[in-house]
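Examination of the molecular architecture
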Number of protein chains: 4
Amino acid sequence: MAEFSLSVKVYIEDTDAGGIVYHANYLKFMERSRTEFITRLGYDKPATLENGLLLVVHSMRIDFQRAAVLGDELSVSTEVRKIARSYVEFEQIVSRSGDSLCRADVKVACVNRDGMKPTAIPVGLREALQSDHRDR
Amino acid sequence: MAEFSLSVKVYIEDTDAGGIVYHANYLKFMERSRTEFITRLGYDKPATLENGLLLVVHSMRIDFQRAAVLGDELSVSTEVRKIARSYVEFEQIVSRSGDSLCRADVKVACVNRDGMKPTAIPVGLREALQSDHRDR
Amino acid sequence: MAEFSLSVKVYIEDTDAGGIVYHANYLKFMERSRTEFITRLGYDKPATLENGLLLVVHSMRIDFQRAAVLGDELSVSTEVRKIARSYVEFEQIVSRSGDSLCRADVKVACVNRDGMKPTAIPVGLREALQSDHRDR
Amino acid sequence: MAEFSLSVKVYIEDTDAGGIVYHANYLKFMERSRTEFITRLGYDKPATLENGLLLVVHSMRIDFQRAAVLGDELSVSTEVRKIARSYVEFEQIVSRSGDSLCRADVKVACVNRDGMKPTAIPVGLREALQSDHRDR
């Protein structure tokens, strides 16, 4: 099964006065890719799941390797690395013409909206993630 | 009564590859100033008022006159121009050392969160706005 | 000739605590559409043209009519309304399933990067804009 | 010597439809604090240093522990952890009323603007950072 990847174009809104993509914006690109990945698994609005659950970023390790610039056509990959009861770990890479520009390990937790406490990932989503994970 | 004004520092996040503040970010600066203005009137979280009401920007006319750049210390003023049953009109100016950089007429409407329909501004807020308006 | 239109998906980064798209973000969507429109005319990085020129938003009138929400697939149109020596006026509409959510008149000026002074639009871009304008 | 800390207010622009601060925005808050910290050391526009140098985020490890919400008054600390020839490591904590909400180890590299290659931190800045580091 092919790795999931989303194309992202760099617009002026994404850049800063250094002439490059503002570092925090790679996190936006990565969330767009995760969102499309999970949407493809049948979940429409991943960040606000049914039943008052939210998927929130718990932690991440990110390396900014090379700078993207205005007009770049980027590829933002998402791959499941680990699935636990209440969280998923992804590896994500932002690349340009095959060159990695930014790489991150992202841990996403499922929490309830009211108390923001860790909660089991809904069964359907969990199975979809596992299936995708096994297929690789 | 002195016009309300908020100080805003320009950070790298606010700029773009043109080396200037990205135009949409002046709208953020203006909303910060409106928020502090309304907070000063006794409303803590203006965008999400009590009773399921929201204050939303209905329309605006904005002139981008000169560019702000990284490190600038800006002054963002808010002045009530008109108060109606379900909306308020503000004039807002972003300036640097007394020079106007950006000027806008902003119409903010009060709507209910469920249907986003125009709703009367809560009496307390309305009176505070009118009082401030008359004092000038 | 068909009007130019760009598809834009609403991600969590675009929303705010009101549960809707943050108003300033419609300006980003509109600039993405203008960028793709001008790129289609043969200009790769519209915001930083050759010869030290920049295209900057001079002024706009914008109406926020209905709110877009997380997951929406929006259409953002760009149409040339007027071309002058150093500026262009666009009409832009953000719509969802044919319903207009946000509409703006946007005046974009060509300036030199050093002094930010109004400068004639490069002949090639001007002709392309006029051609597109006449074709409608 | 007291740890450097910047106050940051949460505005509607910082939140998302989950009702909390959008995760990537904590990186903006942290950069604001680093900027003010370095400005205090005598460097006006840290991200675009003299001599064509830039300070760029090289990598970071970040933990999102609890969510900040609209209207929160946050404290964003910056502390030097290590200084090397061409990079500095900071520990940064975003807290609310003494409770840590978000914590990061941030490695910031000095690069030349043209080739984005690692470059020695200017002597003056290096000495200021070391002095501040030793004082703690």
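A few points on the structure. Quick caveat, the model's predicted, so the values are computed rather than measured.

1. Comments concerning the pairing of strand β5 (residues 99-112) of chain A
Residue and element names in this part refer to chain A. Where strand β2 (residues 53-64) lies against β5, 11 bridges are found, and the strand directions are antiparallel. Following the sheet pairing, Leu55 is matched in β5 by Cys110. Relative to β5, strand β4 (residues 87-96) runs antiparallel, the two being bridged by 10 bridges. If you follow Ser95 over to β5, its bridge partner there is Ser100. Hairpin connection between β4 and β5: a loop of two residues separates the two successive antiparallel strands, and Ser97 in this loop has a positive phi of roughly 55°.

2. Brief notes about the relation of the copies chain C and chain D
For the match of chain C to chain D, the screw axis carries a shift of 0.0 Å, the RMSD comes to 0.0 Å, and the turn is 180°. On the angle and the small slide along the axis, the relation comes out as a two-fold axis. Relative to the rotation axis, the C-alpha of Asp16(C) is the closest in chain C, positioned 1.9 Å from it. The residues that chain C uses at the interface reappear at the interface of chain D in 100% of cases, marking a shared surface.

3. Let's talk about unusual backbone geometry
We note that Ser97(A) has phi near 55°; this positive angle belongs to a residue other than glycine. Summarising the element assignment, Ser97(A) is placed in the loop between β4 and β5. Phi at Met116(B) is positive, roughly 55°, even though this residue is not glycine. Its place among the elements puts Met116(B) in the loop between β5 (99-112) and α2 (123-135).

4. Digging into the interface of chain A and chain D
Taken together, the contact between chain A and chain D spans 25 residues of the former and 25 residues of the latter. Overall, the association of chain A and chain D removes approximately 2000 Å² of surface from exposure, summing both partners, and the carbon and sulfur fraction of that is 61%. Our enumeration of links across chain A and chain D arrives at eight residue pairs in polar contact (both at pLDDT 80 or more). The greatest single-element share of the side of chain A that touches chain D, amounting to 10 residues, is contributed by β2(A). Along the lines of polarity and charge, the residues of the side of chain A that touches chain D split into 13 nonpolar, six polar and six charged. Here five bridges tie β2(A) to strand β2 (residues 53-64) of chain D, and the two strands are oriented antiparallel to one another. Within β2(D), the residue paired with Ile62(A) across the bridge is Met60(D).

5. Quick look at the packing of aromatic side chains
Considering all chains together, one arrives at 16 aromatic pairs over all chains under this definition. Aromatic pair Tyr26(D) and Phe64(D): ring centres 5.9 Å apart, planes at 55°, arrangement tilted. Here Tyr26(D) is found in helix α1 (residues 25-40), whereas its partner Phe64(D) is found in strand β2, with 38 residues between them in sequence. With respect to class, Tyr26(D) is no different from Phe64(D); both count as buried. These aromatic residues form a ring-pair network of at least three members: Phe4(A), Phe37(A) and Phe90(A).

Cut-off values and rules
- Residues numbered from 1 in each chain as written.
- Chains lettered and ligands numbered in written order.
- Predicted model: local features only at pLDDT ≥ 70, side-chain atom pairs only at ≥ 80, totals over all residues.
- Heavy atoms only, no water.
- Pairing = 2+ DSSP bridges.
- Helix = DSSP H or I, 4+ residues; strand = E, 2+ residues; numbered from the N terminus.
- Least-squares fit on C-alpha atoms with pLDDT ≥ 70 in both.
- Contact = heavy atoms within 4.5 Å.
- Buried area = accessible area lost by both parts, 1.4 Å probe.
- Polar contact = N/O pair within 3.5 Å; in protein donor to acceptor, adjacent residues only side chain to side chain.
- Nonpolar A, V, L, I, M, F, W, Y, C, P; charged D, E, K, R; others polar.
- Phe/Tyr/Trp six-rings, centres within 6.5 Å; stacked < 30°, edge-to-face > 60°.
- Buried < 20%, exposed > 50% of the residue type's maximum accessible area, 1.4 Å probe, protein only.

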